[in-house]
Amino acid sequence: MASASGINQLLSRLDNLTFDSISEKYPTTHPEVNPYDLYRVHIGEVLAPIIGVAPEKIHPLIQWTNTLDKGDFVLPIPALRIKGAKPDALGAEWAAKFPEDDPLFDKPVAQGPFLSFYAKGAPLTQSLIPMIRELGAGYGRNRFLGLKDPKDPSQGKKRIVVEFSSPNIAKPFHAGHLRSTIIGSFLANLYEGAGWDVVRINYLGDWGKQYGLLALAYVRYGDEAALKKDPIDHLFRLYVKINAEKDGELADIEARKKEGQDVSDLLANSLDEQARGYFRKMTDKDQEALALWKRFRDLSIVRYKATYARLNIRFDEYSGESQVTEEAMEKVAKEMAAKGITKEDQGAVLVDFTELIPGKEGKRLGKTVIRKRDGTALYLTRDIAELLGRYEKYGFDHMIYVVASQQDLHLQQLFKIIELLGYKDIAQRCQHINFGLVLGMSTRRGTVKFLDDILRDCADHMHDVMRKNENKYAQVEDPEGTADTLGISSVMTQDMSGKRGNNYTFDLAVMTSFEGDTGPYLQYAHTRLSSIKRRANVTDEELAEADLSLLTESHAVNVVRLLAQWPDVAQNTLRTLEPTTVVTYLFRLTHVISSSYDQLQVVGSEPALKAARMALYDASRIVVGNCMRLLGLSPLER
Ligand SMILES: NC(=[NH2+])NCCC[C@H](N)C(=O)O
């Protein structure tokens, strides 16, 4: 069965529409990957002569519903702006005129200012199930959305850079990095599914005076074997130790100064000063200093890669603050000065937005330093040069920075400076995707330090939860691996359940439960669908030939109606850029599937019915799996 068979089957029911006529008249629709596009086109075409408005005008106004009892689509009548008549009356009139024997819809229902449309079960079921099974992992993907020119695919894809995760070497991987990793990877998958060319960048915090200090620590206390074994941990320990020493020293100097002692010698030889000197060597490209720093960086990246792999995440580029060259910063510094964006203030260079931009906006953006008095560049300085460098390198159509809300101002300043530099078109391509805090994140081992700690702790907790059910536990083939996957699913699902901007409380007990809207529940739903298929013993051929007209129960039709929404949900998520759009849909879907099990048994039903129901569950398994993979979860089979 070819993938088009499902959609052709629908089209063959409609004598006025063909593939070509649809794509000609409705260039934004793609029924071959989203059957509901055809449904909307059809509504417009049928209503047009009834209402006396062009179908292309009606089509974009049609919306989906949040619950199936409200229908599959609604037309908000006031949106048509028909003068003189009451929406309620119009709705009733149009509903009455809607043909009784429409091939796709029952007679619409007028509900206040809305006209609600309910898809007929049989045509939807019989076309959608084969389509989903044929498209498989591709169902919900829409390669057309990312085309530069939808009418001319030879123009190629649009390109997006997604920068996410971006931890700091030798410092803890905190909740902000965790959220950036989860949300960023999700967004990258989302755009990939929409046919964009996606570049994933990890912008490491790996530069600055503190890395000079770290090098000093390594020279004093470093342990080669420990560094090789666990660089992230070893560097962090060194970092903590040397920072404590440095702070103690500065406090001591401060105290002596208060007593009136001459501390200039102490200051000149202080760790802080030595760190500055070491970092200066790094920026001056001293080979030895750079070699040590590069080892720290390279070894850390190797470890990070292994951890990201557990989450199915890979990056196309490990960029970082260190990769921004002095030359590149020098170049923009000149540009900024020439354009009058920066000014000197007691040897430092700064941008004063309050002077550059009148009113509230300038006040909000405030003032910010671009070069310190000692000549060193700052976080923002590097971001400016990095952004322009990325544009040069990738020529992106869009770029997303997935960074915590605490850095809202930083990114606003960054984009504004790019704009003031005269690159308004580039600034407009950039977007900050922010997110709220994670509260109360600590583990049994104490406060969280690294991504590995977080994941291990969740896996351990999950393992305990699993052990509580001895019977089931005994049946799990690889309890360690399963606990690991379930643990990861727990954290990720909890993180993506609410709106990005909200804070949430990290709660191991809640997130690892199999009850409620949790990651383990989703995994359970998927394994159950997989096990039905294993136990039913129906061949793929039998599934392909199943008589789907047997799926008449409302439970079956409701599952299909939800399955049909998936391409729309994915497409809508491109607008919201909220993981919860997918998560919410996925829980609705899994709940409807789960409530159908008692009504629609597979094992024990007579062969034809068994095959038909199995085809329904197989399509369900595919969609649940596709949603989970888009979210970054690895669906379990057992
Ligand atoms: N381009 C950027 N500034 N990205 C965000 C980097 C996040 C930074 N490393 C931090 O931990 O706070």
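Residues numbered from 1 in each chain as written. Predicted model: local features only at pLDDT ≥ 70, side-chain atom pairs only at ≥ 80, totals over all residues. Heavy atoms only, no water.

An unreviewed UniProt entry annotates the protein chain as Arginyl-tRNA synthetase of Hypoxylon rubiginosum.

Some points on the overall build of the protein chain
This is how it is decided: For the purposes of this entry, the term helix denotes a DSSP run of H or I that reaches at least four residues, the term strand denotes a run of E that reaches at least two, and both are numbered from the N terminus. To sort residues, take the accessible area from a 1.4 Å probe on protein chains only and compare it with the maximum for the residue type: under 20% means buried, over 50% means exposed, and anything in between is partly exposed. We call two residues in contact when some of their heavy atoms are within 4.5 Å. Residue-level accessible areas treat just the shown protein chains as cover; the underlying method is Shrake-Rupley with a 1.4 Å probe.
Of the regular secondary structure elements, the protein chain holds 28 helices and 16 strands. For the protein chain, the C-alpha atoms occupy an extent of roughly 95 × 65 × 40 Å along the three principal directions. The buried share of the protein chain, taken over its 638 residues, is 53%. Counted over contacts in the protein chain with a minimum sequence separation of 6, partners at least 24 positions apart contribute 71%. For the protein chain, the exposed area adds up to about 28,600 Å²; of that, 51% sits on carbon and sulfur atoms.

Overview of the pattern of salt bridges
What counts, and what does not: Salt bridges are identified by distance alone: a Lys or Arg side-chain nitrogen within 4 Å of an Asp or Glu carboxyl oxygen.
Applying the stated rule across the entire model yields 45 salt bridges. Notably, a salt bridge pairs Asp618 with Arg133, separated by 2.9 Å at the nearest N-O pair. Highlighted residues: Asp618 in helix α28 (residues 607-631) and Arg133 in helix α6 (residues 121-135), separated in sequence by 485 residues. Given a relative accessible area of 21%, Arg133 falls into the partly exposed group. Ionic pairing is found between Arg456 and Asp453, a salt bridge with its closest N-O pair at 3.4 Å. Taken together, the residues Arg456 and Asp453, both in helix α20 (residues 451-467) and three residues apart, mark about one turn of the helix.

Comments concerning the sheet that holds strand β10 (residues 367-371)
This is how it is decided: A pair of strands is labelled paired if DSSP reports no fewer than 2 bridges between them. Whenever a helix is involved, its axis is fitted only over the stretch in contact; in every case the axis is a line through C-alpha atoms, and angles between N-to-C directions fall within 0 to 180 degrees.
With respect to topology, three strands assemble into an open sheet ordered β8-β9-β10, the strand pairing being antiparallel. Where the open sheet ends on each side, the last strands, each with one partner, are β8 (342-345) and β10. Here the strands of the sheet are splayed against their neighbours by 40° on average, with no regard to which way each runs. Relative to β10, strand β9 (residues 348-352) runs antiparallel, the two sharing four bridges. Directly across from Val351, in β10, lies its bridge partner Thr368. Contacts between helix α14 (residues 326-338) and the sheet are confined to β8 and β10, with β10 contributing the most and set at about 130° to the helix.

Examining the sheet that holds strand β11 (residues 398-402)
Here we have five strands laid out as an open sheet, ordered β7-β6-β5-β11-β12, and parallel in their pairing. Each end of this open sheet is capped by a strand with a single partner; those strands are β7 (317-320) and β12 (430-433). Strand-to-strand twist of the sheet, defined as the mean angle between neighbouring strand axes without regard to direction, takes the value 25°. Alignment of β11 against β12, held across four bridges, turns out to be parallel. What sits directly across from Ile400, in β12, is Gln431. On the sheet, helix α13 (residues 287-310) packs against β6 (197-204) and β7 and is oriented at approximately 130° with respect to β7.

Overview of the nonpolar core
The condition that has to hold: The set of buried Ala, Val, Leu, Ile, Met, Phe, Trp, Tyr and Cys residues whose side-chain atoms join them within 4.5 Å is what this entry labels a nonpolar core.
Of all hydrophobic cores here, the largest spans 155 residues; its most connected members are Leu47 and Trp566. A total of 14 residues in this core trace back to one element, the largest contributor, which is α28. With sequence-adjacent residues up to four places away left out, Leu47 is seen in contact with Gly52, Ile58, Leu75, Phe98, Leu115 and Phe117. Formed by 35 residues, the second largest nonpolar core is a distinct cluster that contains Val332, Ala385, Tyr401 and Cys430.

A word on the environment of Thr584
By the secondary structure assignment, Thr584 is in helix α27 (residues 579-594). Take Thr584: its relative accessible area is 44%, and that puts it in the partly exposed class. Residues Thr584 and Asp517, spaced 67 residues apart in sequence, show a C-alpha to C-alpha distance of 9.2 Å.

Quick notes on α6
Threshold: The span one expects for a helix is its residue count, reduced by one, times 1.5 Å.
End to end, α6 covers 21 Å across 15 residues, agreeing with the expected 21 Å (1.5 Å per residue, within 8%). Positioned one or two residues after α6, Gly136 has a phi angle of 55°, which is positive.

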